[in-house]
Amino acid sequence: MSETRWLNEGEQRTWRSFLAAVHLLEARLDRQLRRDSGMPHAYFHALVALSEAPGQEMTMTELARLLRSSQSRLSHAAARLEEDGLIRRFKRPGDRRTTIVTLTDRGSATLEEAAPGHVGEVRRVLFDALAPEQVEQLGKISEGLLGALDPPSPVASSQPREVTREPLTEQHT
């Protein structure tokens, strides 16, 4: 059995400051988006991911992986986003197990409307609070943490898939 490597006073202070900052940042961004756009930060993040995907669509599995979300949490969010007309889900032809999610025109317009306020808040509470060299350090630190927490996995195929849209039926949601 190995001995516990307890945090020293400086590490403990850094750890607690980091946790508090991440928690407060996420809460602030969520409040801003809910107030200005009526959607939580997690939904905004999903719309951004879809807007940046080829053809503005991807599988639910790919989206969950990109958002670092569980399938069940994403399914709940997708149901709400679809109900609001921001996304559409459909089954991949020939593969009834795979669900494709796509950004709708309404979702794209909603994202365009929400983005300026969101980026303004991100800039105000993160980038404007740091010196340029701190921003660079934060980037490197974040990449290092992601490398330890979520190591890159081999990318499936980078070839685009041709998808024919078949609406989901209620029994397949």
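### What to know about the packing of aromatic side chains
Then, number 1: Enumeration over the complete set of coordinates arrives at one aromatic pair.
Then, number 2: With centroids separated by 6.4 Å and ring planes inclined at 25 degrees, the aromatic side chains of W15 and F18 adopt a geometry described as stacked. Taken together, the residues span about one helical turn, with W15 and F18 both in helix 1 (residues 9-37) at a distance of three residues.
Then, number 3: Residue F18 is classed as partly exposed on the basis of its relative accessible area, which comes to 40%.

### Some words on the pairing of strand 2 (residues 87-92)
Then, number 1: For strand 2, a buried count of five out of six residues is recorded, marking the element as mostly surrounded by other parts of the structure.
Then, number 2: Bridge count for strand 2 against strand 3 (residues 95-103) is six bridges, and the pairing is antiparallel. The residue bridging F90 from the neighbouring strand is I100, located in strand 3.
Then, number 3: Taking the residues that link successive antiparallel strands as the turn, the strand 2-strand 3 hairpin has two residues, and the phi of G94 there is positive, at about 80 degrees.

Analysis parameters
Residues numbered from 1 in each chain as written. Predicted model: local features only at pLDDT ≥ 70, side-chain atom pairs only at ≥ 80, totals over all residues. Heavy atoms only, no water. Phe/Tyr/Trp six-rings, centres within 6.5 Å; stacked < 30°, edge-to-face > 60°. Helix = DSSP H or I, 4+ residues; strand = E, 2+ residues; numbered from the N terminus. Buried < 20%, exposed > 50% of the residue type's maximum accessible area, 1.4 Å probe, protein only. Pairing = 2+ DSSP bridges.

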